[in-house]
Amino acid sequence: MATIHTKLLAKLKEALSAVLPIMGIVLILCFTIAPLPSGVLLLFLFGGLLLIIGMMFFNLGAEMAMTPMGERIGSHMARSGRLGIVLLLSFLLGFIITMSEPDLQVLAGQVPSIPNQVLILSVAGGVGLFLAVAVLRMLCSKALTPFLFVFYLIVFVLAFLVSDDFLAIAFDSGGVTTGPMTVPFIMALGVGFASVRSDRNAQDDSFGLISLCSIGPVIAVLILGLLYDTSDSSYSPTLIPDISDSVELWQAFAGSFPEYIREIAVSLLPIVLFFGIFQLAALKLGRRTIGKIVIGLLYTYIGLTLFMTGVNIGFMPAGNYLGQIIAGLPYRWILIPIGMLIGYFIVKAEPAVYVLMDQVEDITSGAISGHAMGMALSLGVAASVGIAMFRVLTGVSILYFLLPGYALALALSFFVPKLFTAIAFDSGGVASGPMTATFLLSFAMGACETLGGNIVQDAFGIVAMVAMTPLIAIQLMGLVYQLRSARTGKSEAVVTPALLLENLPDDEIIEL
(Lines give C-alpha, C1' and ligand atoms only; values in the text may rest on other atoms or scores of the structure.)
Protein backbone atom coordinates (compact mmCIF):
# COMPACT_ATOMS: atom_id res chain seq x y z
CA MET A 1 0.00 0.00 0.00
CA ALA A 2 2.85 2.33 0.81
CA THR A 3 4.23 1.72 -2.67
CA ILE A 4 0.92 2.74 -4.26
CA HIS A 5 0.84 5.91 -2.17
CA THR A 6 4.42 6.73 -3.18
CA LYS A 7 3.61 6.19 -6.86
CA LEU A 8 0.43 8.26 -6.60
CA LEU A 9 2.42 11.11 -5.06
CA ALA A 10 4.99 10.91 -7.87
CA LYS A 11 2.21 10.94 -10.48
CA LEU A 12 0.56 13.88 -8.71
CA LYS A 13 3.79 15.86 -9.00
CA GLU A 14 3.94 15.02 -12.72
CA ALA A 15 0.32 16.13 -13.19
CA LEU A 16 0.88 19.40 -11.30
CA SER A 17 3.97 20.22 -13.36
CA ALA A 18 2.00 19.50 -16.54
CA VAL A 19 -1.26 21.34 -15.87
CA LEU A 20 -0.28 24.30 -13.65
CA PRO A 21 1.78 26.11 -16.34
CA ILE A 22 -1.22 26.07 -18.71
CA MET A 23 -3.52 27.33 -15.98
CA GLY A 24 -0.99 30.02 -15.09
CA ILE A 25 -0.80 31.25 -18.70
CA VAL A 26 -4.59 31.40 -19.03
CA LEU A 27 -4.94 33.25 -15.70
CA ILE A 28 -2.32 35.82 -16.73
CA LEU A 29 -4.14 36.38 -20.03
CA CYS A 30 -7.58 36.66 -18.41
CA PHE A 31 -6.35 39.27 -15.90
CA THR A 32 -4.56 41.34 -18.57
CA ILE A 33 -5.49 41.39 -22.28
CA ALA A 34 -8.25 38.74 -22.51
CA PRO A 35 -10.73 38.99 -19.59
CA LEU A 36 -12.90 35.91 -19.13
CA PRO A 37 -16.47 35.95 -17.77
CA SER A 38 -16.53 34.74 -14.18
CA GLY A 39 -18.54 31.65 -15.13
CA VAL A 40 -16.06 30.55 -17.80
CA LEU A 41 -13.18 31.18 -15.39
CA LEU A 42 -14.82 29.04 -12.71
CA LEU A 43 -15.38 26.23 -15.21
CA PHE A 44 -11.73 26.46 -16.24
CA LEU A 45 -10.42 26.34 -12.65
CA PHE A 46 -12.60 23.40 -11.64
CA GLY A 47 -11.76 21.65 -14.89
CA GLY A 48 -8.06 22.13 -14.13
CA LEU A 49 -8.53 20.42 -10.76
CA LEU A 50 -10.17 17.45 -12.49
CA LEU A 51 -7.33 17.34 -15.03
CA ILE A 52 -4.70 17.13 -12.31
CA ILE A 53 -6.47 14.34 -10.42
CA GLY A 54 -7.34 12.55 -13.64
CA MET A 55 -3.77 12.62 -14.97
CA MET A 56 -2.48 11.31 -11.65
CA PHE A 57 -4.74 8.24 -11.73
CA PHE A 58 -4.44 7.67 -15.48
CA ASN A 59 -0.63 7.68 -15.55
CA LEU A 60 -0.46 5.24 -12.63
CA GLY A 61 -3.14 3.05 -14.17
CA ALA A 62 -1.38 2.92 -17.53
CA GLU A 63 1.83 1.87 -15.78
CA MET A 64 0.11 -0.83 -13.72
CA ALA A 65 -2.33 -2.22 -16.31
CA MET A 66 -2.17 -0.99 -19.91
CA THR A 67 1.57 -1.49 -20.34
CA PRO A 68 1.84 -5.02 -18.87
CA MET A 69 -1.34 -6.10 -20.70
CA GLY A 70 -0.01 -4.94 -24.06
CA GLU A 71 3.45 -6.40 -23.52
CA ARG A 72 2.14 -9.83 -22.48
CA ILE A 73 -0.34 -10.06 -25.36
CA GLY A 74 2.29 -8.91 -27.86
CA SER A 75 4.96 -11.35 -26.70
CA HIS A 76 2.53 -14.29 -26.63
CA MET A 77 1.20 -13.51 -30.12
CA ALA A 78 4.74 -13.26 -31.47
CA ARG A 79 5.75 -16.59 -29.89
CA SER A 80 2.74 -18.42 -31.35
CA GLY A 81 4.47 -18.70 -34.75
CA ARG A 82 1.12 -18.53 -36.60
CA LEU A 83 1.48 -15.49 -38.82
CA GLY A 84 -2.05 -15.56 -40.20
CA ILE A 85 -3.62 -15.72 -36.73
CA VAL A 86 -1.32 -12.97 -35.46
CA LEU A 87 -2.26 -10.63 -38.32
CA LEU A 88 -5.97 -11.38 -37.94
CA LEU A 89 -5.85 -10.70 -34.20
CA SER A 90 -3.88 -7.49 -34.82
CA PHE A 91 -6.53 -6.28 -37.28
CA LEU A 92 -9.36 -7.13 -34.88
CA LEU A 93 -7.58 -5.45 -31.98
CA GLY A 94 -7.01 -2.23 -33.94
CA PHE A 95 -10.59 -2.29 -35.24
CA ILE A 96 -12.41 -2.80 -31.94
CA ILE A 97 -10.24 -0.36 -29.98
CA THR A 98 -10.76 2.38 -32.59
CA MET A 99 -14.51 1.76 -32.74
CA SER A 100 -14.75 2.66 -29.06
CA GLU A 101 -12.41 5.70 -29.12
CA PRO A 102 -14.46 8.70 -27.82
CA ASP A 103 -12.71 11.22 -30.08
CA LEU A 104 -13.80 9.25 -33.16
CA GLN A 105 -17.44 9.96 -32.33
CA VAL A 106 -16.59 13.68 -32.26
CA LEU A 107 -14.82 13.40 -35.62
CA ALA A 108 -17.84 11.65 -37.17
CA GLY A 109 -20.08 14.51 -36.07
CA GLN A 110 -17.80 17.04 -37.79
CA VAL A 111 -18.39 15.53 -41.25
CA PRO A 112 -22.15 15.74 -41.91
CA SER A 113 -21.72 14.84 -45.58
CA ILE A 114 -20.62 11.28 -44.66
CA PRO A 115 -22.88 8.97 -42.58
CA ASN A 116 -21.46 8.55 -39.08
CA GLN A 117 -21.34 4.76 -39.14
CA VAL A 118 -19.67 4.72 -42.56
CA LEU A 119 -16.92 7.03 -41.35
CA ILE A 120 -16.45 5.19 -38.03
CA LEU A 121 -16.25 1.77 -39.71
CA SER A 122 -13.85 3.08 -42.37
CA VAL A 123 -11.50 4.70 -39.85
CA ALA A 124 -11.58 1.63 -37.59
CA GLY A 125 -10.82 -0.56 -40.59
CA GLY A 126 -7.92 1.72 -41.52
CA VAL A 127 -6.40 1.48 -38.04
CA GLY A 128 -6.89 -2.29 -37.93
CA LEU A 129 -5.31 -2.80 -41.35
CA PHE A 130 -2.31 -0.62 -40.58
CA LEU A 131 -1.81 -2.21 -37.16
CA ALA A 132 -1.58 -5.57 -38.95
CA VAL A 133 0.91 -4.05 -41.42
CA ALA A 134 2.95 -2.61 -38.53
CA VAL A 135 3.04 -5.98 -36.76
CA LEU A 136 4.06 -7.74 -39.99
CA ARG A 137 6.89 -5.22 -40.46
CA MET A 138 8.07 -5.80 -36.92
CA LEU A 139 7.96 -9.60 -37.13
CA CYS A 140 9.80 -9.57 -40.47
CA SER A 141 12.39 -7.08 -39.14
CA LYS A 142 11.84 -4.60 -41.98
CA ALA A 143 12.90 -0.95 -41.78
CA LEU A 144 10.17 1.58 -40.94
CA THR A 145 11.28 4.35 -43.32
CA PRO A 146 10.28 2.67 -46.64
CA PHE A 147 6.80 1.98 -45.26
CA LEU A 148 6.41 5.59 -44.15
CA PHE A 149 7.64 6.88 -47.50
CA VAL A 150 5.20 4.76 -49.55
CA PHE A 151 2.15 5.37 -47.38
CA TYR A 152 2.68 9.13 -47.03
CA LEU A 153 3.12 9.32 -50.80
CA ILE A 154 -0.34 7.74 -51.11
CA VAL A 155 -1.69 10.20 -48.53
CA PHE A 156 -0.53 13.28 -50.43
CA VAL A 157 -1.65 11.96 -53.81
CA LEU A 158 -5.14 11.53 -52.35
CA ALA A 159 -4.90 14.94 -50.63
CA PHE A 160 -4.63 16.73 -53.95
CA LEU A 161 -7.85 15.06 -55.13
CA VAL A 162 -10.23 16.01 -52.28
CA SER A 163 -11.87 19.38 -51.64
CA ASP A 164 -10.22 22.02 -49.46
CA ASP A 165 -13.23 21.95 -47.11
CA PHE A 166 -12.43 18.34 -46.28
CA LEU A 167 -8.64 18.36 -46.27
CA ALA A 168 -7.93 19.58 -42.73
CA ILE A 169 -10.52 17.26 -41.16
CA ALA A 170 -9.01 14.27 -42.98
CA PHE A 171 -5.50 15.01 -41.67
CA ASP A 172 -6.83 15.70 -38.18
CA SER A 173 -8.35 12.20 -38.11
CA GLY A 174 -4.90 10.61 -37.82
CA GLY A 175 -4.20 12.36 -34.53
CA VAL A 176 -7.73 12.12 -33.16
CA THR A 177 -8.12 8.34 -33.48
CA THR A 178 -4.88 7.46 -31.67
CA GLY A 179 -6.23 8.63 -28.32
CA PRO A 180 -5.15 8.18 -24.70
CA MET A 181 -6.96 4.86 -24.39
CA THR A 182 -5.30 3.14 -27.36
CA VAL A 183 -1.81 4.67 -27.38
CA PRO A 184 -0.41 3.10 -24.16
CA PHE A 185 -1.78 -0.32 -25.08
CA ILE A 186 -0.50 -0.30 -28.68
CA MET A 187 2.93 1.01 -27.65
CA ALA A 188 3.22 -1.77 -25.08
CA LEU A 189 2.06 -4.27 -27.71
CA GLY A 190 5.06 -3.24 -29.83
CA VAL A 191 7.44 -3.82 -26.91
CA GLY A 192 5.90 -7.26 -26.42
CA PHE A 193 6.40 -8.21 -30.06
CA ALA A 194 9.99 -6.95 -30.05
CA SER A 195 10.83 -8.79 -26.79
CA VAL A 196 10.80 -12.21 -28.48
CA ARG A 197 13.45 -11.18 -31.01
CA SER A 198 17.13 -11.50 -30.20
CA ASP A 199 18.59 -9.38 -33.01
CA ARG A 200 20.06 -5.94 -32.31
CA ASN A 201 17.33 -4.19 -34.35
CA ALA A 202 14.57 -5.43 -32.02
CA GLN A 203 14.91 -2.30 -29.88
CA ASP A 204 14.38 0.00 -32.89
CA ASP A 205 11.36 -2.00 -34.01
CA SER A 206 9.65 -1.85 -30.61
CA PHE A 207 8.45 1.60 -31.71
CA GLY A 208 6.60 2.40 -34.94
CA LEU A 209 3.15 0.88 -34.39
CA ILE A 210 1.52 4.22 -33.54
CA SER A 211 3.16 5.92 -36.54
CA LEU A 212 1.62 3.48 -39.02
CA CYS A 213 -1.72 3.32 -37.18
CA SER A 214 -1.96 7.12 -37.52
CA ILE A 215 -1.74 6.86 -41.31
CA GLY A 216 -4.65 4.44 -41.67
CA PRO A 217 -7.42 6.88 -40.62
CA VAL A 218 -6.05 9.63 -42.90
CA ILE A 219 -6.11 7.38 -45.96
CA ALA A 220 -9.55 6.01 -45.03
CA VAL A 221 -11.08 9.48 -44.60
CA LEU A 222 -9.43 10.81 -47.78
CA ILE A 223 -10.90 7.90 -49.76
CA LEU A 224 -14.32 8.71 -48.31
CA GLY A 225 -13.75 12.29 -49.45
CA LEU A 226 -13.50 11.00 -53.02
CA LEU A 227 -16.68 8.93 -52.73
CA TYR A 228 -18.92 11.55 -51.07
CA ASP A 229 -19.73 15.19 -51.71
CA THR A 230 -17.87 16.86 -48.84
CA SER A 231 -18.41 20.47 -49.85
CA ASP A 232 -20.95 20.99 -47.06
CA SER A 233 -18.61 19.94 -44.22
CA SER A 234 -19.25 22.23 -41.28
CA TYR A 235 -18.84 22.51 -37.54
CA SER A 236 -21.11 23.87 -34.84
CA PRO A 237 -19.44 26.64 -32.78
CA THR A 238 -18.69 25.93 -29.12
CA LEU A 239 -21.42 27.18 -26.79
CA ILE A 240 -20.13 29.41 -23.98
CA PRO A 241 -22.06 28.40 -20.82
CA ASP A 242 -23.52 31.04 -18.55
CA ILE A 243 -22.53 30.15 -14.97
CA SER A 244 -23.66 32.57 -12.28
CA ASP A 245 -23.04 30.70 -9.02
CA SER A 246 -21.38 27.65 -7.46
CA VAL A 247 -24.52 25.51 -7.74
CA GLU A 248 -24.70 26.01 -11.52
CA LEU A 249 -20.97 25.30 -11.71
CA TRP A 250 -21.42 21.93 -10.04
CA GLN A 251 -24.49 21.14 -12.16
CA ALA A 252 -22.46 21.76 -15.34
CA PHE A 253 -19.98 19.05 -14.36
CA ALA A 254 -22.40 16.71 -12.54
CA GLY A 255 -24.66 16.63 -15.58
CA SER A 256 -21.74 15.55 -17.79
CA PHE A 257 -20.19 12.93 -15.52
CA PRO A 258 -22.65 10.14 -16.51
CA GLU A 259 -21.90 10.72 -20.21
CA TYR A 260 -18.12 10.38 -19.74
CA ILE A 261 -18.48 7.51 -17.28
CA ARG A 262 -20.34 5.63 -20.02
CA GLU A 263 -17.99 6.71 -22.84
CA ILE A 264 -14.81 5.66 -21.03
CA ALA A 265 -16.41 2.37 -19.98
CA VAL A 266 -17.27 1.63 -23.61
CA SER A 267 -13.73 2.61 -24.64
CA LEU A 268 -12.05 0.42 -22.03
CA LEU A 269 -14.32 -2.61 -22.42
CA PRO A 270 -12.87 -3.97 -25.73
CA ILE A 271 -9.32 -3.94 -24.34
CA VAL A 272 -10.46 -5.67 -21.13
CA LEU A 273 -12.37 -8.34 -23.09
CA PHE A 274 -9.45 -8.91 -25.46
CA PHE A 275 -7.07 -9.35 -22.54
CA GLY A 276 -9.56 -11.53 -20.65
CA ILE A 277 -9.86 -13.94 -23.58
CA PHE A 278 -6.05 -14.13 -23.84
CA GLN A 279 -5.78 -14.72 -20.11
CA LEU A 280 -8.24 -17.61 -20.17
CA ALA A 281 -6.93 -19.16 -23.39
CA ALA A 282 -3.17 -18.75 -23.14
CA LEU A 283 -1.57 -16.36 -20.62
CA LYS A 284 -2.72 -18.01 -17.35
CA LEU A 285 -1.26 -15.21 -15.21
CA GLY A 286 -1.25 -15.59 -11.42
CA ARG A 287 -3.85 -14.04 -9.13
CA ARG A 288 -1.42 -11.43 -7.81
CA THR A 289 -0.56 -10.21 -11.30
CA ILE A 290 -4.22 -10.16 -12.36
CA GLY A 291 -5.13 -8.29 -9.16
CA LYS A 292 -2.53 -5.61 -9.91
CA ILE A 293 -3.82 -5.25 -13.48
CA VAL A 294 -7.43 -4.96 -12.27
CA ILE A 295 -6.46 -2.18 -9.84
CA GLY A 296 -4.54 -0.47 -12.66
CA LEU A 297 -7.58 -0.67 -14.94
CA LEU A 298 -9.70 0.92 -12.21
CA TYR A 299 -7.19 3.76 -11.87
CA THR A 300 -7.15 4.17 -15.66
CA TYR A 301 -10.94 4.33 -15.78
CA ILE A 302 -11.25 6.86 -12.96
CA GLY A 303 -8.40 8.99 -14.29
CA LEU A 304 -9.57 9.17 -17.88
CA THR A 305 -13.17 9.89 -16.84
CA LEU A 306 -12.07 12.84 -14.69
CA PHE A 307 -9.62 14.04 -17.34
CA MET A 308 -12.11 13.98 -20.24
CA THR A 309 -14.80 15.69 -18.14
CA GLY A 310 -12.40 18.43 -17.05
CA VAL A 311 -10.99 19.13 -20.49
CA ASN A 312 -14.34 19.10 -22.33
CA ILE A 313 -16.48 20.96 -19.81
CA GLY A 314 -13.86 23.22 -18.23
CA PHE A 315 -11.09 23.85 -20.77
CA MET A 316 -12.95 23.89 -24.09
CA PRO A 317 -15.14 27.00 -23.39
CA ALA A 318 -12.14 28.88 -21.96
CA GLY A 319 -10.05 28.10 -25.04
CA ASN A 320 -12.79 29.23 -27.41
CA TYR A 321 -13.46 32.47 -25.53
CA LEU A 322 -9.76 33.31 -25.26
CA GLY A 323 -9.37 32.83 -29.00
CA GLN A 324 -12.29 35.17 -29.68
CA ILE A 325 -11.00 37.93 -27.40
CA ILE A 326 -7.35 37.81 -28.51
CA ALA A 327 -8.26 37.73 -32.20
CA GLY A 328 -10.38 40.86 -31.65
CA LEU A 329 -7.46 42.89 -30.29
CA PRO A 330 -5.91 45.63 -32.49
CA TYR A 331 -2.65 43.67 -32.40
CA ARG A 332 -4.17 40.35 -33.47
CA TRP A 333 -0.74 39.07 -34.57
CA ILE A 334 -0.16 38.31 -30.88
CA LEU A 335 -2.17 35.13 -31.52
CA ILE A 336 1.03 33.56 -32.88
CA PRO A 337 3.37 34.02 -29.87
CA ILE A 338 0.57 33.30 -27.38
CA GLY A 339 -0.36 30.15 -29.30
CA MET A 340 3.28 29.04 -29.32
CA LEU A 341 3.57 29.60 -25.57
CA ILE A 342 0.42 27.59 -24.90
CA GLY A 343 1.58 24.85 -27.28
CA TYR A 344 4.96 24.59 -25.55
CA PHE A 345 3.35 23.72 -22.21
CA ILE A 346 0.11 22.01 -23.27
CA VAL A 347 1.79 18.94 -24.77
CA LYS A 348 2.99 18.03 -21.27
CA ALA A 349 -0.66 17.80 -20.20
CA GLU A 350 -1.43 15.11 -22.79
CA PRO A 351 -2.02 11.94 -20.74
CA ALA A 352 -0.20 9.57 -23.12
CA VAL A 353 2.97 11.70 -23.40
CA TYR A 354 4.32 10.51 -20.04
CA VAL A 355 3.66 6.92 -21.09
CA LEU A 356 5.79 7.47 -24.20
CA MET A 357 8.60 9.18 -22.28
CA ASP A 358 8.70 6.42 -19.65
CA GLN A 359 8.78 3.74 -22.33
CA VAL A 360 11.59 5.49 -24.23
CA GLU A 361 13.66 5.72 -21.04
CA ASP A 362 13.03 2.05 -20.24
CA ILE A 363 13.81 0.72 -23.72
CA THR A 364 16.98 2.81 -24.09
CA SER A 365 18.07 2.28 -20.45
CA GLY A 366 18.09 6.05 -19.94
CA ALA A 367 20.29 6.83 -22.96
CA ILE A 368 17.39 8.93 -24.29
CA SER A 369 16.05 10.80 -21.28
CA GLY A 370 12.41 11.67 -20.75
CA HIS A 371 13.44 15.28 -20.15
CA ALA A 372 15.08 15.52 -23.57
CA MET A 373 12.04 13.91 -25.17
CA GLY A 374 9.72 16.33 -23.40
CA MET A 375 11.77 19.33 -24.50
CA ALA A 376 11.80 18.20 -28.13
CA LEU A 377 8.04 17.58 -28.07
CA SER A 378 7.36 20.97 -26.47
CA LEU A 379 9.44 22.82 -29.07
CA GLY A 380 7.78 20.90 -31.89
CA VAL A 381 4.25 21.56 -30.67
CA ALA A 382 5.05 25.25 -30.02
CA ALA A 383 6.13 25.58 -33.66
CA SER A 384 3.03 23.75 -34.90
CA VAL A 385 0.60 25.94 -32.93
CA GLY A 386 2.42 29.06 -34.16
CA ILE A 387 1.94 27.87 -37.74
CA ALA A 388 -1.71 27.03 -37.04
CA MET A 389 -2.33 30.55 -35.70
CA PHE A 390 -0.63 31.97 -38.81
CA ARG A 391 -3.08 29.94 -40.90
CA VAL A 392 -6.02 31.30 -38.88
CA LEU A 393 -4.82 34.86 -39.56
CA THR A 394 -4.06 34.38 -43.26
CA GLY A 395 -6.19 31.48 -44.50
CA VAL A 396 -3.22 29.75 -46.16
CA SER A 397 -3.94 26.15 -47.20
CA ILE A 398 -2.67 23.49 -44.81
CA LEU A 399 -1.03 21.63 -47.71
CA TYR A 400 1.61 24.37 -47.99
CA PHE A 401 2.86 23.30 -44.55
CA LEU A 402 2.09 19.59 -44.40
CA LEU A 403 3.73 18.71 -47.72
CA PRO A 404 7.17 20.26 -47.01
CA GLY A 405 6.94 19.26 -43.34
CA TYR A 406 6.46 15.56 -44.04
CA ALA A 407 8.99 15.72 -46.88
CA LEU A 408 11.57 17.04 -44.40
CA ALA A 409 10.60 14.44 -41.77
CA LEU A 410 10.95 11.61 -44.29
CA ALA A 411 14.25 12.99 -45.58
CA LEU A 412 15.65 13.14 -42.04
CA SER A 413 14.74 9.48 -41.54
CA PHE A 414 17.54 8.50 -43.94
CA PHE A 415 20.18 10.25 -41.82
CA VAL A 416 19.28 9.68 -38.16
CA PRO A 417 19.43 6.44 -36.12
CA LYS A 418 16.43 4.19 -36.81
CA LEU A 419 15.32 4.30 -33.19
CA PHE A 420 14.87 8.08 -33.29
CA THR A 421 12.82 7.84 -36.49
CA ALA A 422 10.49 5.26 -34.95
CA ILE A 423 10.10 7.28 -31.74
CA ALA A 424 9.55 10.50 -33.70
CA PHE A 425 6.74 9.14 -35.86
CA ASP A 426 5.11 7.55 -32.81
CA SER A 427 5.32 10.84 -30.91
CA GLY A 428 3.17 12.61 -33.50
CA GLY A 429 0.16 10.46 -32.65
CA VAL A 430 0.86 10.74 -28.93
CA ALA A 431 1.23 14.54 -28.85
CA SER A 432 -2.05 15.18 -30.69
CA GLY A 433 -4.34 14.00 -27.89
CA PRO A 434 -7.48 15.31 -26.17
CA MET A 435 -5.89 18.56 -24.97
CA THR A 436 -5.09 19.47 -28.58
CA ALA A 437 -8.45 18.28 -29.89
CA THR A 438 -10.35 20.33 -27.31
CA PHE A 439 -8.51 23.34 -25.87
CA LEU A 440 -6.24 24.19 -28.82
CA LEU A 441 -8.87 23.46 -31.47
CA SER A 442 -11.41 25.56 -29.57
CA PHE A 443 -8.84 28.36 -29.26
CA ALA A 444 -8.28 28.31 -33.04
CA MET A 445 -12.02 28.13 -33.74
CA GLY A 446 -12.77 31.09 -31.47
CA ALA A 447 -10.08 33.18 -33.18
CA CYS A 448 -11.28 32.14 -36.64
CA GLU A 449 -14.87 33.01 -35.75
CA THR A 450 -13.87 36.54 -34.68
CA LEU A 451 -11.75 37.04 -37.80
CA GLY A 452 -14.58 35.87 -40.07
CA GLY A 453 -12.55 33.02 -41.55
CA ASN A 454 -13.58 29.56 -42.71
CA ILE A 455 -13.56 27.45 -39.53
CA VAL A 456 -13.42 24.11 -41.35
CA GLN A 457 -10.52 25.12 -43.62
CA ASP A 458 -8.54 27.43 -41.32
CA ALA A 459 -9.14 26.32 -37.71
CA PHE A 460 -9.21 22.61 -38.36
CA GLY A 461 -5.80 21.19 -39.17
CA ILE A 462 -4.27 22.22 -35.87
CA VAL A 463 -4.32 18.57 -34.73
CA ALA A 464 -2.55 17.59 -37.96
CA MET A 465 0.10 20.28 -37.42
CA VAL A 466 0.68 19.14 -33.82
CA ALA A 467 1.06 15.57 -35.10
CA MET A 468 3.62 16.63 -37.75
CA THR A 469 6.18 18.88 -36.05
CA PRO A 470 7.35 16.35 -33.40
CA LEU A 471 8.47 14.13 -36.29
CA ILE A 472 11.01 16.79 -37.21
CA ALA A 473 11.92 17.85 -33.66
CA ILE A 474 12.64 14.33 -32.36
CA GLN A 475 14.67 13.43 -35.45
CA LEU A 476 16.71 16.62 -35.14
CA MET A 477 17.43 15.52 -31.58
CA GLY A 478 18.57 12.19 -33.04
CA LEU A 479 20.80 13.99 -35.53
CA VAL A 480 22.45 15.95 -32.72
CA TYR A 481 22.91 12.69 -30.78
CA GLN A 482 24.53 11.07 -33.82
CA LEU A 483 26.89 13.99 -34.43
CA ARG A 484 27.95 14.02 -30.77
CA SER A 485 28.56 10.27 -30.88
CA ALA A 486 30.71 10.64 -33.99
CA ARG A 487 32.66 13.52 -32.45
CA THR A 488 33.43 11.62 -29.28
CA GLY A 489 34.24 8.42 -31.16
CA LYS A 490 31.49 6.41 -29.44
CA SER A 491 29.09 4.04 -31.12
CA GLU A 492 25.96 5.60 -32.55
CA ALA A 493 23.85 2.79 -31.19
CA VAL A 494 22.00 3.38 -27.96
CA VAL A 495 23.58 1.25 -25.24
CA THR A 496 21.11 -1.17 -23.69
CA PRO A 497 21.47 -4.30 -21.56
CA ALA A 498 20.73 -6.45 -24.65
CA LEU A 499 23.62 -4.88 -26.56
CA LEU A 500 25.94 -5.27 -23.59
CA LEU A 501 25.10 -8.97 -23.26
CA GLU A 502 25.57 -9.46 -26.98
CA ASN A 503 29.33 -8.97 -26.66
CA LEU A 504 29.83 -11.30 -23.67
CA PRO A 505 30.90 -14.96 -23.89
CA ASP A 506 28.20 -17.56 -23.27
CA ASP A 507 29.64 -18.68 -19.93
CA GLU A 508 29.61 -15.12 -18.55
CA ILE A 509 26.03 -14.62 -19.72
CA ILE A 510 25.00 -17.83 -17.93
CA GLU A 511 26.81 -16.68 -14.80
CA LEU A 512 25.00 -13.33 -14.87
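Definitions and limits used
Residues numbered from 1 in each chain as written. Predicted model: local features only at pLDDT ≥ 70, side-chain atom pairs only at ≥ 80, totals over all residues. Heavy atoms only, no water. Helix = DSSP H or I, 4+ residues; strand = E, 2+ residues; numbered from the N terminus. Buried < 20%, exposed > 50% of the residue type's maximum accessible area, 1.4 Å probe, protein only. Areas by Shrake-Rupley, 256 points an atom, 1.4 Å probe, with all protein chains shown as cover. Phe/Tyr/Trp six-rings, centres within 6.5 Å; stacked < 30°, edge-to-face > 60°. Salt bridge = Lys/Arg side-chain N within 4 Å of Asp/Glu carboxyl O. Expected span 1.5 Å × (residues − 1). Contact = heavy atoms within 4.5 Å. Axes fitted to C-alpha atoms, helices over the stretch in contact; angles between N-to-C directions. Parallel < 35°, antiparallel > 145°, perpendicular 65-115°, else oblique. Left-handed = near helix turned anticlockwise from the far one by under 90°. Nonpolar A, V, L, I, M, F, W, Y, C, P; charged D, E, K, R; others polar. pLDDT = per-residue confidence, 0-100.

## Details of the overall build of the protein
And then number 1: A count of helices and strands for the protein gives 24 helices and 0 strands.
And then number 2: Within the protein, buried positions represent 58% of all 512 residues.
And then number 3: Approximately 20,100 Å² of the protein is accessible, and the part contributed by carbon and sulfur atoms is 67%.

## Some points on the packing of aromatic side chains
And then number 1: Going through the model one piece at a time under the given rule, you end up with 17 aromatic pairs.
And then number 2: Here the aromatic rings of phenylalanine 156 and phenylalanine 171 are separated by 5.7 Å at their centres, their planes lie at 40°, and the arrangement is tilted. Of the two residues, phenylalanine 156 sits in helix 6 (residues 144-159) while phenylalanine 171 sits in helix 7 (residues 164-177), which places them 15 residues apart along the sequence. Like phenylalanine 171, phenylalanine 156 is buried.
And then number 3: What links up through ring pairs into an aromatic cluster is the set Tyr152, Phe156, Phe171, Tyr406 and Phe425.

## Examining the pattern of salt bridges
And then number 1: Summed over the entire model, instances satisfying the criterion amount to 2 salt bridges.
And then number 2: Salt-bridge contacts for glutamate 63 lead to lysine 7; the nearest nitrogen and oxygen are separated by 3.7 Å. Pair noted here: glutamate 63 is in helix 2 (residues 38-80) and lysine 7 is in helix 1 (residues 2-30), with a separation of 56 residues, a long-range link.
And then number 3: Measuring nitrogen to oxygen at the nearest pair gives 3.0 Å for the salt bridge that ties lysine 11 to glutamate 63. Taken as a pair, lysine 11 in helix 1 and glutamate 63 in helix 2 lie far apart in primary sequence, 52 residues in all.
And then number 4: Owing to a relative accessible area of 36%, glutamate 63 belongs among the partly exposed residues under this scheme.
And then number 5: Within the structure, one salt-bridge network assembled from shared partners comprises Lys7, Lys11 and Glu63.

## Description of helix 17 (residues 370-394)
And then number 1: Taking 1.5 Å per residue, 25 residues should reach 36 Å; helix 17 reaches 36 Å between its end C-alpha atoms and fits that length.
And then number 2: A positive phi of about 75° marks glycine 395, the residue just after helix 17.

## Brief notes about the side chain of threonine 98
And then number 1: By secondary structure assignment, the location of threonine 98 is in helix 3 (residues 83-99).
And then number 2: Ignoring sequence-local partners within four residues, the contact set of threonine 98 consists of Leu104, Val123, Ala124, Val127 and Thr177.

## Remarks on the packing of helix 2 against helix 14 (residues 287-327)
And then number 1: Where helix 2 meets helix 14, the closest approach of the two axes is 5 Å, and the angle between their N-to-C directions is 150°. As the angle between them shows, helix 2 and helix 14 are arranged roughly antiparallel. Judged by the sense of rotation from one axis to the other, the crossing of helix 2 with helix 14 is left-handed.
And then number 2: Split by residue class, the contact of helix 2 with helix 14 holds 28 nonpolar, 11 polar and 2 charged.

## Description of the confidence of the model for the protein
And then number 1: Overall, the predicted model of the protein reaches an average pLDDT of 82, with 89% of residues at or above 70.
And then number 2: For the protein, helix 24 (residues 506-511) is the element with the lowest average pLDDT, namely 36, and helix 15 (residues 335-346) is the one with the highest, namely 93.
And then number 3: Low pLDDT, under 50, characterises residues 491-512; the stretch is placed with 27 contacts to residues that sit more than four places away or in other chains.

## Structural notes on the side chain of threonine 300
And then number 1: By secondary structure assignment, the location of threonine 300 is in helix 14.
And then number 2: Taking relative accessible area as the criterion, threonine 300 reaches 0% and is therefore assigned buried.
And then number 3: Aside from chain neighbours lying at most four places away, what touches threonine 300 is Phe57, Phe58, Gly61, Ala62 and Met66.

## With respect to the packing of helix 3 against helix 5 (residues 116-139)
And then number 1: It is the contact of helix 3 with helix 5, at a shortest axis distance of 7 Å, that shows an interaxial angle of 145°. Helix-helix and strand crossings are classified by hand; for helix 3 and helix 5 the assignment is right-handed.
And then number 2: Across the contact of helix 3 with helix 5, the residue classes break down as 18 nonpolar, 5 polar and no charged.

## Let's talk about helix 8 (residues 182-195)
And then number 1: Compared with the 20 Å implied by 1.5 Å per residue over 14 residues, the 20 Å span of helix 8 between its first and last C-alpha is a close match.
And then number 2: Within helix 8, 13 of the 14 residues are buried, which leaves the element mostly enclosed by the surrounding structure.

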